[in-house]
Amino acid sequence: MDETSELTTANHITAQDVAEVIAELEQYRERLVLETTETAKRAKLMRVSVMAKLEPELAKIDSALQELRNQQAALSGSN
């Protein structure tokens, strides 16, 4: 995909599109935490140590969510 078609595609993104991505990413984050903690329980690992290892990934997800929310706000404000 060349730069022009990427810009054209980006121009057609709606606030609803961004909201859907946000919802999916929030579900992924929740599932990641839940499944990781359940697996840690079965393996008899301490929740604190598991969450410490999971924290960098959660920080990336939270950062992406914030960027998407900012984009959604910008799109909603421009309508």
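Conventions and cut-offs
- For every chain, the first residue of its written sequence is number 1, and the numbers climb from 1 along that sequence.
- Local features in this predicted model are restricted to residues of pLDDT 70 or higher, and side-chain atom pairs are both shown and tallied only at a pLDDT of 80 or more, whereas totals for entire chains, interfaces and linings draw on every residue.
- Side-chain figures throughout are based on the complete set of non-hydrogen atoms in the structure, without hydrogens or water.
- Helix and strand assignments follow DSSP, with helices taken as H or I runs no shorter than four residues and strands as E runs no shorter than two, numbered in order from the N terminus.
- Here the term buried applies to any residue with accessible area under 20% of the maximum for its type, exposed to any over 50%, and partly exposed to those in between, with areas from a 1.4 Å probe on protein chains only.
- An expected span of 1.5 Å times one less than the residue number is assigned to each helix.
- The criterion used for residue contact is that any of the two residues' heavy atoms lie within 4.5 Å.
- The score called pLDDT rates the predictor's confidence residue by residue, from a low of 0 to a high of 100.

Caption draft 1: Fine view of unusual backbone geometry. Backbone geometry at K44 places phi at a positive 55°, although glycine is not the residue there. By secondary structure assignment, the location of K44 is in the loop between α2 (15-42) and α3 (47-78). Under the relative-accessibility criterion, K44 is labelled exposed at 76%.

Caption draft 2: Just α2, in detail. End to end, α2 covers 41 Å across 28 residues, agreeing with the expected 40 Å (1.5 Å per residue, within 8%). Turning to α2, its buried residues number three or more, namely A15, V18, I22, L32, V33, T37 and A40. Residues of α2 that are buried sit in contact with α3. Within two residues after α2, K44 carries a phi angle of roughly 55°, on the positive side.

Caption draft 3: Structural context of the confidence of the model for the chain. In this model, the chain carries a mean pLDDT of 87, and residues with pLDDT of at least 70 account for 85%. Within the chain, no element has a lower average pLDDT than helix α1 (residues 3-11), which sits at 49, and none a higher one than α2, at 95. Contacts from residues 1-8, a stretch scored under 50 in pLDDT, to residues over four places away or in other chains number two contacts.

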